[in-house]
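Report on the structure
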Amino acid sequence: MQDNVFTKSILYIKFKDENYLKDYEYYLNCKESNNLTEDIKQQLLQFDDYLQNGIFTTPNRFLYVLTDKCQLKCKHCYFGDNQRKNEISFEQYKHLFQKNKDLIQYYLDRGFEYVYPKYILMGGESLLHPEIEKITEYTFQNSEFVKFNSNGLLINHNICSIINQYTNVKSKYQISLEGTEQYNDYIRGDGTFNKILRNIIKLKRLIPNTEILVSFNANTDNYQSIYEMAKQLKNVGVNKLKLGRYLKCNNIIHPITTPQFKKFIELTDKCMELTDEKFSIDDSRVYFPFKGCRCYCSSEIQVCYSNGDKLLCPRLHIKTGNYFNDDIRTIANNSLYWAAKVQMSPIECLKCIHHNNCMGGFRCNTYYEKNTFNHKDVNCVFMEIKK
């Protein structure tokens, strides 16, 4: 595929990596040729657009999957699989943390724009990690932004004390839910919904200066519950509800269909009536062409899995290296290559007036459904053809 040649040439353009000089020369020859096929013309346009409009920054998010352990066995999730035993020790975490600082410097030395990084601790269930308190304190000591991702069933008072101690560090606490009690408990287990709501109330008291978020991913069943869930979350003091879409992982829970997505948009609009200065809704993954919400599968986000594997994104588990085994140059090259591959608009999207804003929507959804990035968002209902 020609797009592979173009995306590899980015490694020469940005990093001057001589291994990709031939790809870069091919790219230049294509630009000067008058005998291009229509497909190559379109791919070249995509690549030129990425070079001209792509934002090349240092990584702005580092996500650490600290452990595979989880006390739940959700119907849609692989972390409840007892066969998974991976866990990052505190010493390994410190090594990874420093390696990621070296990665930032590698990008800076090559002219990338600096953005301060956010560090996200997740699992499995991150609070089940035996050294989570050490990892938390170390992260707060060495960063400006820390976020916890949790299923909300546990509260660690020592973690809350650490959060309150470092008032100069911005912190967020994100809990995931699958809808109202009926839908959530079907997926996660009886009683989990109400226990999570009780814990949110406790967290609001224990860490009053920390933003509490709830993430929700719509599937074929639970999308109908979004408005009632939003009302309940507002009543218990949640600061923000983040809306997304469920990914296909098995044949038990199914991704939302496009007709259902249209209805979900209507329900999202209804939820906006609930917002005020204390409760907001992030609908950027619903109205992706209008919110400038491009897929963040790129060099901007770095995901370290519990065995050291570098993943393309937290939702799209394509391995692009290993933090324990690969050097900085290899990690950076793989990140930028996949960034170029993912960020180029699908050919069919180039005719849409919104493509510069969404670049094809959320690529993970499309990749799982179509096994390619060169396809518009599988639930896109926003396409408007250029006149």
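Up top you'll find the structure we're talking about.
Just so you know, these numbers come straight off a predicted model, no measurement behind them. (Residues numbered from 1 in each chain as written. Predicted model: local features only at pLDDT ≥ 70, side-chain atom pairs only at ≥ 80, totals over all residues. Heavy atoms only, no water.)

1. With respect to the sheet that holds strand E2 (residues 118-123)
Put simply, the rule is: DSSP calls a pair of strands paired once it identifies at least 2 bridges connecting them. Under the DSSP-based scheme used, a helix requires at least four consecutive residues in state H or I and a strand at least two consecutive residues in state E, with every element numbered from the N terminus. Inter-axis angles, ranging from 0 to 180 degrees, are taken between N-to-C directions of lines fitted to C-alpha atoms, where helices are fitted over the stretch in contact. Note on definitions: a residue-residue contact is assigned when non-hydrogen atoms from the two residues lie within 4.5 Å.
Here we have ten strands laid out as an open sheet, ordered E7-E6-E5-E4-E3-E2-E1-E8-E9-E10, and mixed in their pairing. Strands with a single pairing partner mark the edges of an open sheet, and in this sheet they are strand E7 (280-282) and strand E10 (319-322). Strand-to-strand twist in this sheet, taken as the mean axis angle between neighbours without regard to direction, amounts to 25°. Across the sheet, helix H4 (residues 90-108) lies against strand E1 (61-67), E2 and strand E8 (301-304), angled at about 160° from E1, the strand it touches most.

2. Notes on the pairing of E8
Put simply, the rule is: Relative accessibility thresholds used throughout: buried, under 20% of the residue-type maximum; exposed, over 50%; partly exposed, between the two (1.4 Å probe, protein chains only).
Side-chain alternation along E8 places Ile301 and Val303 on one buried face and Gln302 and Cys304 on a second face that is also buried. Sheet topology note: the E1/E8 ladder contains four bridges and is parallel. Of the residues in E8, the one forming a bridge with arginine 61 is isoleucine 301. As paired strands, E8 and strand E9 (residues 309-311) are joined by two bridges and run antiparallel to one another.

3. Focus: unusual backbone geometry
Even without being glycine, lysine 16 reaches a positive phi, approximately 50°. Residue position: lysine 16 is located in the loop between helix H1 (2-15) and helix H2 (21-32). For asparagine 371, which is not glycine, the phi torsion reads 60° and is therefore positive.

4. Some points on helix H10 (residues 258-271)
For clarity, the threshold we go by: Multiplying 1.5 Å by the residue count of a helix minus one yields the expected span of that helix.
Its 14 residues give H10 an end-to-end C-alpha distance of 20 Å, which sits within 8% of 20 Å, the value for a rise of 1.5 Å per residue. All buried positions along H10 are accounted for by Gln260, Phe261, Phe264, Ile265, Leu267, Thr268 and Cys271. On the buried face of H10, the contacting elements are strand E5 (211-218), helix H9 (226-235), strand E6 (240-245) and E7.

5. Regarding the nonpolar core
Put simply, the rule reads: In this description, a nonpolar core means a group of buried Ala, Val, Leu, Ile, Met, Phe, Trp, Tyr and Cys residues linked to one another through side-chain atoms lying within 4.5 Å.
Counting residues in each nonpolar core, the largest one holds 104 residues, and the members touching the most others are Tyr64, Tyr93, Ile200, Ile226, Leu241 and Phe264. In terms of residue count, helix H11 (residues 328-343) provides more of this core than any other element does, nine residues in total. Val65, Ile301, Val303 and Leu311 belong to the second largest nonpolar core, which has eight residues in total.

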